Amino acid sequence: MGVGVRGLSVLERLISHAALVDEEFTFDLHLVDPNPAQPQQYDVHQPDYLLLNHACAYVSMYPSPRSVSQAPPLSGPTLFDWARERGLRVARDGFTVGTQGRLVRPNDNLPRRVFGEYLLSFYRRLRDNAPENVRLIPHVSAAADLRRKGDTSILSLDNGDHIEADYVFVTVGQRPSRPPDDRDGSAGRLIGRPYPLPGQLASVQPSETVAIAGLGLTATDAILALTVGRGGRFDRTVTPERYVPSGREPRIVVFSRSGLPYRARPAPSLVVAYEPVAFTRSAIDRLRAATPQLDFDRDVLPLLMLELRVAYRRATILQQTGTEDAEAFLLRARAAVADGRLSALDDLPGPDEFDPELAYHGTVTPSAKDLPPPSDGEAYQRSLESWMAADIAQAARGFEGSPFKAATEMCREVRDTIRYAVEFGGLTDASLDRFYRYHAETINRLVIGPEEERSANILTLLRSGVVSMSLGPNPLVSWDDDSRSWALSSTAFPARHTVHADWLYRGYTDRLSSLPDDTTVVGAMARRGVLRRFRPDSPVVASIDVDALGHPVAQDGTSAARIWAFGLLCEGATFYNGYLTSPGRFERAQSDVDRAVHELVEDVRRAGQIVSAFEGGTSR
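Below: a short report on this structure. (Residues numbered from 1 in each chain as written. Predicted model: local features only at pLDDT ≥ 70, side-chain atom pairs only at ≥ 80, totals over all residues. Heavy atoms only, no water.)

### What to know about the pattern of salt bridges
- Tallying each qualifying case throughout the model produces 32 salt bridges.
- A salt bridge links Asp108 to Arg102; the nearest nitrogen and oxygen atoms lie 2.9 Å apart.
- A salt bridge links Asp592 to Arg595; the nearest nitrogen and oxygen atoms lie 3.6 Å apart. A residue pair is termed a helical-turn pair when its members lie 3 or 4 positions apart in one helix, as Asp592 and Arg595 do in helix H16 (residues 588–605) at 3 residues.
- Overall, Asp592 belongs to the buried group, its relative accessible area being 14%.
- Accessibility expressed as a relative area gives 32% for Arg595, which makes it partly exposed.
- Salt bridges sharing partners connect three or more residues here, namely Glu423, Arg588, Asp592 and Arg595. (Salt bridge = Lys/Arg side-chain N within 4 Å of Asp/Glu carboxyl O. Helix = DSSP H or I, 4+ residues; strand = E, 2+ residues; numbered from the N terminus. Buried < 20%, exposed > 50% of the residue type's maximum accessible area, 1.4 Å probe, protein only.)

### Details of the sheet that holds strand E7 (residues 152–157)
- Here 3 strands make up an open sheet; going across it, the order is E6-E7-E8 and the pairing antiparallel. Since the sheet does not close on itself, it has two edges, and those belong to strand E6 (143–149) and strand E8 (162–165), each with one partner. Averaged over all adjacent pairs, the angle separating strand axes in this sheet is 20°, with direction ignored. (Pairing = 2+ DSSP bridges. Axes fitted to C-alpha atoms, helices over the stretch in contact; angles between N-to-C directions.)

### Topic: the sheet that holds strand E3 (residues 97–98)
- The sheet built from 3 strands is open, its strands ordered E3-E2-E4 with antiparallel pairing. Where the open sheet ends on each side, the last strands, each with one partner, are E3 and strand E4 (102–103).
- Relative to E3, strand E2 (residues 89–90) is paired through 2 bridges, and the arrangement is antiparallel. When the sheet's bridge partners are listed, Arg89 is paired in E3 with Gly98.

### Some details on the pairing of strand E14 (residues 251–255)
- The element E14 is extensively covered by neighbouring structure, given that 4 of its 5 residues are classed as buried.
- Relative to E14, strand E11 (residues 209–213) is paired through 5 bridges, and the arrangement is parallel. Among the inter-strand pairings, Val210 is bridged to a residue of E14, identified as Ile252.
- Pairing of E14 with strand E15 (residues 467–468), which is carried by 2 bridges, proceeds in the parallel orientation. From the neighbouring strand, Ile252 faces E15, where its bridge partner is Val467.

### Overview of unusual backbone geometry
- Following Tyr195, the chain continues into Pro196 via a peptide bond in cis, with omega recorded as 5°.
- Considering the arrangement of structural elements, one finds Pro196 in the loop between strand E10 (190–191) and E11.
- Put simply, Thr239 and Pro240 share a cis peptide bond, and its omega is -5°.
- The backbone of Phe424 shows a phi angle near 50°, a positive value even though the residue is not glycine.
- Here Phe424 lies in the loop between helix H12 (415–422) and helix H13 (429–447).

### Structural notes on helix H4 (residues 217–226)
- A large share of H4 lies buried, amounting to 9 of its 10 residues.
- Taken residue by residue, H4 has Thr218, Ala219, Thr220, Asp221, Ala222, Ile223, Leu224, Ala225 and Leu226 as its buried positions.

### Here's the deal with the nonpolar core
- Residues Met1 and Leu342 are the most contacted members of the largest nonpolar core, which totals 79 residues.
- The element that contributes the greatest number of residues to this core is helix H6 (residues 296–320), accounting for 12 residues.
- In this structure Met1 touches Val32, Ala143, Leu146, Leu155, Val168, Phe169, Val170, Thr171, Val172, Val521 and Met525, once residues within four positions along its chain are discounted. (Core = buried A, V, L, I, M, F, W, Y, C linked by side-chain atoms within 4.5 Å. Contact = heavy atoms within 4.5 Å.)

Next up, the structure:
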């Protein structure tokens, strides 16, 4: 159920495993999705200025042998190779892709539309490579209900069809919250679901003000939809670039709890990768030996900050004297870990050179020893613009030239170890709530921001006055009945400043926390007790409950052995499910699916129905 990015990964594994078994054993694979291989965020009809946040050479749906060990992977092109094979080119505006312009480069962030076409190509490739003992049965419909009858799942679809399945994979993505009750008339001026764009913003008129909640990637998309999407353009023939408005832009006010934009991302590079020294699974195990449930701030974060210091020093040595000296430093650091004295190692940078906590938590305001904090929104925005300009300059230097960027990138490089620390009850309830309320967003802000050029576009819009971020962190937001508009009031300055907006756009997905209220098959499964919410009393975590093998946990606490759930539906019980996979590296998402399909095959094998044909690790 759900043939998007995760569902297609499941399909690839099912086809690859099926190719290894006795041909007399047949698989009927029912693919349930109203728009298979076309999840909304990768719709092939969306405009080209909505870009992927990944360099195209680092995106691939084809798994690496490092990720899948139970059946050889289907081999195929990365997004970059696929685009080159088709002769795609990038136009002078830097985002339109077609037949005109320069050739696609490995570090290009291509339009999400193009990735949608790549997904369709991957889907067709899977269908063409399905062995004779696999029958693909598409159902262009959504699942509405699932009930259990012994070991069989009976699915009811929106179109009235029914499917009896021995095994089920649920990869339907996260469930958005229901629209709010329109008790005061504000719902008509609330854009609660951010996508699809630009359609969700079509009602916003040039004479109006729109407030965008959030400073992340979705907010960036909305800003571009209201500017470039309405005929504006960036003039790069001058330095710094300038924005040429079309006259159809509304006034745009952007805000968030933190008041911090996402950091600009440098071009990808392998130079940041090394075997971590301080932030390791063995270090987490030592912590857990004393305290089975950890507190992220108290126990885990200090190790991560220590690793950032190691990464910073390694990067400076690489930059100054080369690989051999950097490796020698890592050897000294590992010896210091063994002696329990890494934090006191003289080689590590002090806070005056690199402060990992300041880098991690971030601030756009000057420190007290330098200048007084901004007294109003205008001063705050000036500080923010200076902060963004400095960050973009760091990104322009690349990971090779910016030890700061190389150090903070470790928050991405050690993602699997963060998972190891936080998943499946690894944190206390209170710490898990804080992790998802604060740390998950902080890590995203550090390492999955817009690429350098896109961040520079946002800075240009700020300087041109088209976009304002002058409200500061955590403004109050309310509906004003008298003016029939949204009132946004600053809370960070001595004197409160209020801005009125005609529209409020939520630049994030507000996830549904009440499973029984879900109108999709997920809600139906919850109402039947087939699945339950993980941490049901949490005001933050909205995940379904799954066990370590990906099986949903039922209301009675048992695992559904013939059902698996993967993707954003599980975000909370597991961590960091919403990402695209890269070629040639271990990817947890693909590994989990490989293990699940192997479990399915072994379950049938125990009944004596399958003969394995896997004799090596070559790709088909």
